[in-house]
Amino acid sequence: MYKLIAIDLDGTLLNSYGEVPKENIEAIKKVTEKGIKVVLASGRISESVYQIAKETGADQYFISGNGAMIYDIQTQNVIYEKFMDKGKILELIKLCEDNSIFYNVYTEDMVIAKSLNYNVAFYYHENAKKAQEKKTNINIVEDVYSYIQKSNVKHFLKMTICEENEIIFKRILRKLKEVSDIEVLDVSHMSRKKIRSGTEEVKVDYYYTEITKKNVDKWYALLEIMNREGIKQEEVMAIGDNMNDLEMIKNAGMGVAMGHSNPQVKEVANYITLDNNEAGVAKAIEKIIQ
């Protein structure tokens with residue numbers, strides 16, 4: 001009997017347009033009515049994950065920043081945190097600026113960037129069809145280094161690095177891996193998302209990596225929730241598609257990979273479902289949770 005289902009957002013619960021298919025919402029409702037806890041586990045900022053948790057009825061805990069923070073929705077308290085230091089963020093910003101690489105910084109409640117490109121462009125267009133309270137807070141500033149240096153922001157979840165050219169991307173990846181006290185997500189494929197522009201579709205394709213504090217992972221955050229709730233490893237089902245989902249899929253009692261998942265993620269999964277544009281989360285839940 002599964003007592004907890006952990007679900008990634010982008011590429012998993014959400015389709016390529018950033019929407020939650022109604023089949024997925026219905027599947028979550030059915031399992032929560034059975035007393036199974038559904039935990040959204042995402043790399044997004046906390047406020048964005050919180051809004052999707054409310055939309056889907058996954059209203060007990062959520063994980064943001066790839067495991068940097070756990071929020072208890074019922075008590076409205078942060079119960080676990082592993083934030084990046086401001087000094088480390090500034091060190092990484094300088095590295096990106098020196099190498100002319102696009103980057104953005106995630107805090108609990110906003111994404112800080114210099115322009116609307118790559119993942120930030122996707123969030124911006126995603127916001128257009130959302131109510132004000134559900135929008136991802138995007139803060140565009142001319143000088144990110146100075147802004148953060150002077151700001152009172154203390155809680156940094158992660159940084160994201162984006163680049164279209166594979167050679168340039170691999171070069172910056174090597175430099176990032178030389179920096180101490182950080183985790184650099186090993187992503188070898190391009191992010192492929194779609195933006196609706198009137199009747200047309202615009203593809204947003206780019207290489208990317210995500211940087212967190214050392215030893216931050218969705219699985220480690222899940223262990224904290226499991227300990228609090230007295231849930232065993234074999235009682236956990238985890239669904240995801242990317243390298244930041246690998247540990248939770250590998251270690252859960254039932255690890256589910258989306259149909260379009262990274263090959264390394266598929267290798268460790270117990271079950272492979274349909275892709276995120278075919279409501280693969282709902283299909284997996286219906287198949288496994290009787």
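- The name an unreviewed UniProt entry assigns to the protein chain is HAD family phosphatase, from the organism Candidatus Merdicola faecigallinarum.

## Description of the packing of aromatic side chains
No. 1: Applying the stated criterion across every chain, the model contains eight aromatic pairs.
No. 2: Relative to Y207, the ring of F169 has its centre 5.7 Å away and its plane inclined at 25 degrees; by these criteria the two rings are stacked. With F169 in helix α7 (residues 166–176) and Y207 in strand β12 (residues 200–213), the pair connects residues that are 38 residues apart, well separated along the chain.
No. 3: Three or more aromatic residues joined by ring pairs form one cluster here, namely F102, Y118, Y206 and Y208.
No. 4: The ring of Y106 has K158 sitting right over it, with the charged end atom 4.4 Å from the ring centre.

## Focus on the pairing of strand β3 (residues 61–64)
No. 1: Taking every second residue as pointing to the same face, both faces of β3 are buried, with Y61 and I63 on one and F62 and S64 on the other.
No. 2: Alignment of strand β2 (residues 37–41) against β3, held across two bridges, turns out to be parallel. From the neighbouring strand, A41 faces β3, where its bridge partner is I63.
No. 3: Handedness of the crossover is the feature at issue here: the chain leaves β2, passes through helix α3 (residues 46–56), returns alongside β3, and the resulting connection is right-handed.

## Notes on the nonpolar core
No. 1: With 79 residues, the main nonpolar core has I7, L40, M237 and I285 as its most contacted residues.
No. 2: Setting aside residues up to four positions removed in sequence, I7 forms contacts with T12, L13, I28, V38, V39, L40, A41, I239, V281 and I285.
No. 3: One finds I89, L92, I93 and V153 within the second-largest nonpolar core, a separate group that totals 29 residues.

## Looking at unusual backbone geometry
No. 1: Notably, S100 is not glycine yet its phi reads approximately 55 degrees, a positive angle.
No. 2: Examined against the element boundaries, S100 turns out to sit in the loop between α4 (86–98) and β6 (102–107).
No. 3: Judged by relative accessible area, S100 falls into the exposed class, the value being 67%.
No. 4: Phi is positive for D181, close to 60 degrees, though the residue is something other than glycine.
No. 5: Structurally, the position occupied by D181 is in the loop between α7 and β10 (182–184).
No. 6: For D181, a relative accessible area of 39% translates into the label partly exposed.

Criteria and cut-off values
Residues numbered from 1 in each chain as written. Predicted model: local features only at pLDDT ≥ 70, side-chain atom pairs only at ≥ 80, totals over all residues. Heavy atoms only, no water. Phe/Tyr/Trp six-rings, centres within 6.5 Å; stacked < 30°, edge-to-face > 60°. Helix = DSSP H or I, 4+ residues; strand = E, 2+ residues; numbered from the N terminus. Lys NZ or Arg CZ within 6 Å of the ring centre and 35° of its normal. Buried < 20%, exposed > 50% of the residue type's maximum accessible area, 1.4 Å probe, protein only. Pairing = 2+ DSSP bridges. Right-handed = clockwise from strand over helix to strand, strands pointing away. Core = buried A, V, L, I, M, F, W, Y, C linked by side-chain atoms within 4.5 Å. Contact = heavy atoms within 4.5 Å.

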